[in-house]
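# Observations on the three-dimensional arrangement
One-letter residues, chain by chain:
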Amino acid sequence: MDMAQTGTTRRLWINSIPHEMLAYIFKWSSCDSSSASDSHTPAIPEILSQVCFLWRELAHSTPALWTELTLNAASTRDSNGKEMLTQWLSRSRRVDIVLRVRKGTDVMETICAHSHLWRRCVISLPWFTLMNFFAMGPLRTPLLEELVVEIQPDSLAGAYPSHLLVNAGRTVLEDCNHLKSVRLAILPSFPLESLHSFFPWHNLTEVTFQRPGVHPALIKHVFTHCKSLVRLKIWTAYWRILDFSMHYADNYCLEHLESFELEADVRPLVHMLRSIRLPALKSLSLTGVANDDEEKYPVHPPLAKALMDLQEHSQFDLTTLKLSGLLDFSKSNSLLPDDVLRFVATTPGVTNLVLKCRLGGCVWPF
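Numbers given for residues are sequential positions, taken from 1 along each chain in its written order. Residues qualify for local features only when their pLDDT is at least 70, as the model is predicted, and side-chain atom pairs are given and counted only at 80 or more; totals for whole chains, interfaces and linings, by contrast, use all residues. As a convention, hydrogens and water are excluded, and side-chain values are obtained from all of the structure's heavy atoms.

A word on the overall build of the chain. A run of H or I in DSSP counts as a helix once it spans at least four residues, and a run of E counts as a strand once it spans at least two, with each numbered from the N terminus. For the chain, the helix and strand inventory stands at 12 helices and 14 strands. The buried label goes to any residue with under 20% of its type's maximum accessible area, the exposed label to any with over 50%, and the partly exposed label to all in between, with areas taken from a 1.4 Å probe on protein chains only. In the chain, buried positions account for 49% of the 366 residues. For this analysis, residues touch if any pair of their heavy atoms sits within 4.5 Å. Look at the contacts in the chain between residues 6 or more apart in sequence, and 77% of them connect residues 24 or more apart. For the chain, the accessible surface area stands at approximately 17800 Å², while carbon and sulfur atoms represent 54% of it. A 1.4 Å probe and the Shrake-Rupley method give the accessible areas. Residues count as covered only by the protein chains that appear here.

Two numbers describe how helix α11 (residues 303–314) lies on helix α12 (residues 337–345): the axes approach to 10 Å, and their chain directions differ by 5°. Between α11 and α12, the crossing angle belongs to the class labelled roughly parallel. Residues A304, L307, M308 and Q311 of α11 touch α12, and the partners they reach there are D339, R342 and F343. Taken together, the residues that form the contact of α11 with α12 break down as four nonpolar, one polar and two charged. Structural elements are reduced to axes, namely lines fitted to C-alpha atoms, with helices fitted over the stretch in contact, and the angle between N-to-C directions of any two is expressed from 0 to 180 degrees. Orientation labels follow simple angle bins: below 35 degrees gives roughly parallel, above 145 gives roughly antiparallel, 65 to 115 gives roughly perpendicular, and whatever is left gives oblique. Put simply, Ala, Val, Leu, Ile, Met, Phe, Trp, Tyr, Cys and Pro go in the nonpolar bin, Asp, Glu, Lys and Arg in the charged bin, and everything else, Gly too, in the polar bin.

Moving on, we get to unusual backbone geometry. Cis rather than trans, the peptide bond between R211 and P212 has omega equal to 5°. You can see P212 is positioned in the loop between β8 (206–209) and α9 (216–225). Of note in this structure, Y238 is not a glycine but carries a positive phi near 70°. Residue placement: Y238 occurs in the loop between β9 (231–236) and β10 (259–264). Here Y238 falls in the partly exposed class, since its relative accessible area comes to 26%. A positive phi angle, close to 55°, is found at Q315, a residue other than glycine. Counting through the fold element by element, Q315 comes out in the loop between α11 and β12 (320–327).

Looking at chain direction, β10 and strand β11 (residues 283–288) are connected through six bridges and run parallel. In the sheet register, F260 faces β11, and the bridge partner there is L284. Every crossover in which the path from the first strand over the helix to the second runs clockwise, viewed with the strands pointing away from the viewer, is termed right-handed. Note on the crossover from β10 through helix α10 (residues 266–273) to β11: the handedness is right-handed. As judged from the five bridges shared by β11 and β12, these two strands associate in the parallel manner. The residue of β12 that forms the bridge with T287 is S324. Any two strands with at least two DSSP-identified bridges between them are counted as paired.

Turning our attention to the packing of α10 against α11. Put simply, α10 and α11 touch, their axes get as near as 8 Å, and they point 30° apart. As far as their axial angle goes, α11 and α10 are roughly parallel. Here α10 runs over α11; the crossing is left-handed. Contacts between α10 and α11 pair V266, L269, V270 and L273 from the former with L303, A306, L307 and L310 from the latter. Each crossing gets its handedness from the near helix: less than a right angle anticlockwise from the far helix is left-handed, clockwise is right-handed.

Right, let's talk about the pattern of salt bridges for a bit. Each reported salt bridge corresponds to a side-chain nitrogen of Lys or Arg within 4 Å of a carboxyl oxygen of Asp or Glu. Enumeration according to the criterion identifies eight salt bridges in this entry. Residue E146 pairs with R120 through a salt bridge whose shortest N-O separation is 3.3 Å. Pair noted here: E146 is in strand β5 (residues 146–151) and R120 is in strand β3 (residues 118–125), with a separation of 26 residues, a long-range link. Judged by its relative accessible area of 23%, E146 falls in the partly exposed class.

With that out of the way, let us pick up the environment of H19. Tracing the backbone through its elements, the reader meets H19 in helix α2 (residues 19–29). Classification of H19 by relative accessible area gives partly exposed; the value is 40%. Separated by 35 residues in the primary sequence, H19 and L54 place their C-alpha atoms 9.6 Å from one another. Among all residues touching H19, those that are not within four sequence positions of it are L54 and L58.

Turning our eyes to something else, we now look at the environment of S194. In this structure, S194 sits in helix α8 (residues 193–196). Classification of S194 by relative accessible area gives buried; the value is 9%. Once the C-alpha coordinates of S194 and V172 are considered, the two residues, 22 residues apart in sequence, prove to be 8.6 Å apart.

Let's shift gears to the confidence of the model for the chain. Confidence along the chain averages 82 in pLDDT terms, with 80% of residues attaining 70 or more. Low pLDDT, under 50, characterises residues 1–5; the stretch is placed with two contacts to residues that sit more than four places away or in other chains. Each residue gets a pLDDT score, which is the predictor's confidence in that residue and runs from 0 to 100.

A few words on the nonpolar core. We define the nonpolar core as a collection of buried residues of types Ala, Val, Leu, Ile, Met, Phe, Trp, Tyr and Cys that are connected through side-chain atoms lying within 4.5 Å of one another. Core analysis: the biggest nonpolar cluster contains 99 residues, and F223 and F260 have the highest contact counts within it. Those residues in contact with F223 that lie beyond four places of it in its chain are L232, I234, N251, Y252, C253, L254, F260, M272, I276 and L278.

Of all the residues in α12, the buried ones are D339, V340 and F343. For α12, the angular spread of the buried residues around the axis is 95°, confining them to a single face. Among the exposed residues of α12, those oriented more than 90 degrees off its buried face are D338, L341 and A345. This arc is taken over the directions from the axis of the helix to the C-beta atoms.

Written out as structure tokens, the structure reads:
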């Protein structure tokens, strides 16, 4: 048998596989592939669709091949690039999007035109481009389950125009009844009014605020409106700079919260712990962020008192307690071992206790 016949036989053999199995092979072969707008190399699904007519029809009718899309730069300004992006999105019944671009509002317009397909959306943009994203007007997102919004460090921030390239109105994610998880990492100077109506906060079960942080007022907003939360993770700062504070209020209660992770310097730690009520809490993790100026600005009440206030308000039954960087014998604002023992005595259900103290600027197991 010559080589031509062998190749033909092989092609005929693989095409005889049931289409469901062949589609599964396609999905497996492209599981680590995504469409990258700055790459001249076609993604695996595009390569598969160019082999033959059968594979093209099968690839285009297999939405699972087109459910992950990563854009690393905005090089889709030409009509061919935009058409490719539109085709990719239209072949998916739902799509997980990771958008990391420096500029390129045209890319966002194309992606936002298909917002009804978003399932998981990760947006990482510099300040000006992010502000344009928040000026896209209403977007239908009935499939959206998870949203991540991050701001990128940008050395060219001062070179951007003062006006927005898009101004369709404030972005509002409509019909996103399946949205449960949100992660935000934007500067505290970000306009709060753009976030308050961005999506339905009351449906969320998981919220993460990570570096570079958010405005402290947004933390108040979470405790007031996110009554379905089960997990909450916060990194926060800027409280002294913004002269921001919290005091105990009945509406700062999250009745269903089971896991709370808080990383901050002593001022926001004290303000939050003394102000909230978490009756269902099972896991509490507190991490102190080193701040050389904190001794200059004593916080009242002390951290130990704020921790006891949290237990008195909540009456929870913890099983996990993690304290890191808060036991520092050189600082008056820190916890002492007796403070920890006193608190643990009020929560006898703790079976997982992790303590790390700060010595010489480093955090060590206690």
